[in-house]
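# Reading the structure
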Amino acid sequence: MHVIYGGTFDPVHHGHLRLALELCDRLAVDRVSLVPCHIPPHRGDTGATSGQRLRLLELAIAGEPQLCLDDRELRRAGASYTADTLRQLRSELGADAPLVMVVGTDAFAGFDRWREWQCIPDLAHIVVVRRPGPPLAPDSVPARLLAKRRVEAGSALSDRPAGYILELAPPLLDISATAIRERIAGGRSPRYLMPDPVWFEIRRLGLYGACPARNF
Ligand code: ATP
């Protein structure tokens, strides 16, 4: 089973990394691929370039065999659409291999605004990770899709290549990239919210308004 976990990772933090390892345990897979997006279609400019975000991810997962990086969206020109990524992966993996994509409830709530969203359940299973915030609106398209395709156990995902939706509520660290960017821009330390090598590189490059000369 191939599991991808996409995001802006602007920057990557311990919330992302802990979740990725929780997914390995709960889905009983050896590894999870982190897929940074190039130009996120649903939001404005990123604080760091895609090359810088990729570098921070490399530093974050160095030496961790259960996490790997898939930079295919950065190698593709233009906006990063999940349907394109899944189609590419599907052609590499073949028609029968189970493929899983992971999204937070916040992202899944707007699923029916994603480009070609109707194709996505034919390409992959979806794991929806419950995040703090409002639950899915009961009559929304994503809620109805979930009700129709829901499975209760991660083990069901290996039964077929695509089409199921699994909701998970793993323990989550209360960390967000937005809060980290604000903290750095305000001259406050983000240390221990992310791996040290990530923070040191952010500071060295002066990303997100960090002051390279200041040693906090
Ligand atoms: P931002 O604050 O810039 O929106 P973010 O921290 O939410 O960023 P993203 O790169 O947008 O991070 O998120 C990538 C994926 O990680 C999304 O599916 C999101 O739901 C999930 N995610 C973000 N923060 C956490 C966290 N603390 N724990 C678990 N999952 C998270």
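Right, let's walk through the structure included here. From a predicted model like this one, the values you see are computed outputs, not experimental measurements.

### Describing the side chain of His13
With respect to the helices and strands, His13 occurs in the loop between strand 1 (2-7) and helix 1 (14-27). When its relative accessible area of 4% is taken as the criterion, His13 is described as buried. A polar contact is formed between the side chain of His13 and the backbone nitrogen of Gly15, at a distance of 3.0 Å. Each residue touching His13, except ones within four places of it in the same chain, is listed here: Ile175, Ser176, Ala177, Ile180, Leu193 and Met194.

### Describing the site of the ligand
In the vicinity of the ligand lie 20 residues, with Tyr5, Leu173, Ile175, Ala177 and Thr178 positioned nearest. Between an oxygen atom of the ligand and a main-chain N or O atom of Gly104, the distance comes to 3.3 Å. With respect to the ligand, the backbone of Ile175 contributes an N or O atom lying 2.8 Å from a nitrogen atom. Burial of the ligand by the surrounding chains reaches 88%, relative to a free accessible area of 600 Å². For the ligand, the cavity whose grid points lie within 2 Å of the majority of its atoms is the largest pocket. Counting only elements with at least two residues in the shell around the ligand, the list comes to strand 1, helix 1 and helix 8 (177-185). Per-class residue counts for the shell around the ligand are seven nonpolar, nine polar and four charged.

### With respect to the environment of Ala83
Examined against the element boundaries, Ala83 turns out to sit in helix 4 (residues 82-93). Taking the relative accessible area as the measure of exposure, Ala83 reaches 0% and is therefore buried. The spacing of Ala83 and Ala153 is 70 residues in sequence and 25 Å in space, taken between C-alpha atoms. Discounting chain neighbours no more than four positions away, the residues touching Ala83 are Arg115, Glu116, Ile120 and Leu123.

Quick notes on the rules
- Residues numbered from 1 in each chain as written.
- Predicted model: local features only at pLDDT ≥ 70, side-chain atom pairs only at ≥ 80, totals over all residues.
- Heavy atoms only, no water.
- Helix = DSSP H or I, 4+ residues; strand = E, 2+ residues; numbered from the N terminus.
- Buried < 20%, exposed > 50% of the residue type's maximum accessible area, 1.4 Å probe, protein only.
- Polar contact = N/O pair within 3.5 Å; in protein donor to acceptor, adjacent residues only side chain to side chain.
- Contact = heavy atoms within 4.5 Å.
- Near = heavy atom within 4 Å.
- Areas by Shrake-Rupley, 256 points an atom, 1.4 Å probe, with all protein chains shown as cover.
- 1 Å grid on protein atoms, 1.4 Å probe; cavity = no way out; pocket = protein on both sides within 12 Å on 5 of 7 lines; lining within 4 Å.
- Sits in = over half its atoms within 2 Å of the grid points.
- Nonpolar A, V, L, I, M, F, W, Y, C, P; charged D, E, K, R; others polar.

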